[in-house]
Amino acid sequence: VRRRFSFRKREWLFFAAAGLVFILLAGKTFLQVRLWGEERQLWDYTVKNSPRSFMAYNARGNLFMGNGKYEKAIADFSQAIRYRANYAEAFNNRGIACFRSGQLDAALRDYNQALKLKPTDLPSAYINRGLLYYHLSKKEKALADYERALKGDPRDANAYNNRGMLYFSEQKYDLAKADFDKALEIDPGLSRAYSNRGNIFFVHGNDQSAFSDY
């Protein structure tokens, strides 16, 4: 009897814990959706009442992009550029949206324009263009862009992570690991860098460290 009671108790605790996790995740999702809706309403209101507000279009575009609505994001970034032709950040953002939606030529044009407008003050555009070059197998250009990004911001974890991916693809594992280590030193919450470093451990047969990073 005691064994059956113990089993039922553990079973009840398991389902109770699972239910609590479900409730917490559902609540988190609800709050995220609510916040997204409230922010969307804010920018909709701003655009409606200040139709030439390039910053509002850019902000709403980022909101759309963060939710995977790339065509709407591109439309908003285009409006921001329409009202401020030298808005480098909007060109960079539109480039990201184009890249994520598979419009690689358009993305490259936008990154080039962003860097033409701000060749030294927008390191993220170098990272983004470098990632595009990497996907186009233009690794020398990608490496040059990552290094330009790090020259502008030596504490950019994404630049180290992306350069590490490039080194990994060329089997330069020591250089890749050094970059992933640096990325995680700067940003311990950068999950992509853990996964990438785990790949290096896996290649070297260090399964324990690989699983730890994964």
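The following paragraphs examine the structure supplied in this document.

Conventions we followed
Residues numbered from 1 in each chain as written. Predicted model: local features only at pLDDT ≥ 70, side-chain atom pairs only at ≥ 80, totals over all residues. Heavy atoms only, no water. Axes fitted to C-alpha atoms, helices over the stretch in contact; angles between N-to-C directions. Helix = DSSP H or I, 4+ residues; strand = E, 2+ residues; numbered from the N terminus. Parallel < 35°, antiparallel > 145°, perpendicular 65-115°, else oblique. Left-handed = near helix turned anticlockwise from the far one by under 90°. Contact = heavy atoms within 4.5 Å. Buried < 20%, exposed > 50% of the residue type's maximum accessible area, 1.4 Å probe, protein only. Expected span 1.5 Å × (residues − 1). Arc of directions from axis to C-beta.

The N-to-C vectors of helix H4 (residues 88–100) and helix H6 (residues 123–135) enclose an angle of 25°; their axes lie 10 Å apart at closest approach. It follows from the interaxial angle that H4 and H6 lie roughly parallel. As H4 runs across H6, the sense of the crossing is left-handed. Counting all contacts with H4, which are made through Asn92, Ile96 and Phe99, the residues of H6 involved are Ser124, Ala125, Asn128, Leu131, Leu132 and His135.

Bringing the environment of Ala193 into the picture now. Residue position: Ala193 is located in helix H10 (residues 191–203). By relative accessible area, which is 0% here, Ala193 ends up buried. In sequence terms Ala193 and Lys182 are 11 residues apart; their C-alpha atoms lie 9.4 Å from each other.

Moving on, we come to helix H5 (residues 104–117). The end-to-end C-alpha separation of H5 is 20 Å, in line with the 20 Å expected for 14 residues at 1.5 Å each. Those residues of H5 lying buried are Ala106, Ala107, Asp110, Tyr111, Ala114 and Leu115. On an axial view of H5, the arc spanned by its buried residues comes to 165°, and they lie on one face. For H5, the exposed residues lying more than 90 degrees away from the buried face are Asp105, Arg109 and Lys116. On its buried face, H5 is in contact with H4 and H6.

The next subject is the packing of helix H8 (residues 157–169) against H10. In the contact formed by H8 and H10, the axes pass within 10 Å of each other and the chain directions differ by 25°. Judged on the interaxial angle alone, H10 and H8 are roughly parallel. Crossing geometry of H8 relative to H10 is assigned as left-handed. Contact residues: H8 offers Asn158, Asn161, Met165 and Phe168, while H10 offers Arg192, Ala193, Asn196, Asn199, Ile200 and Val203.

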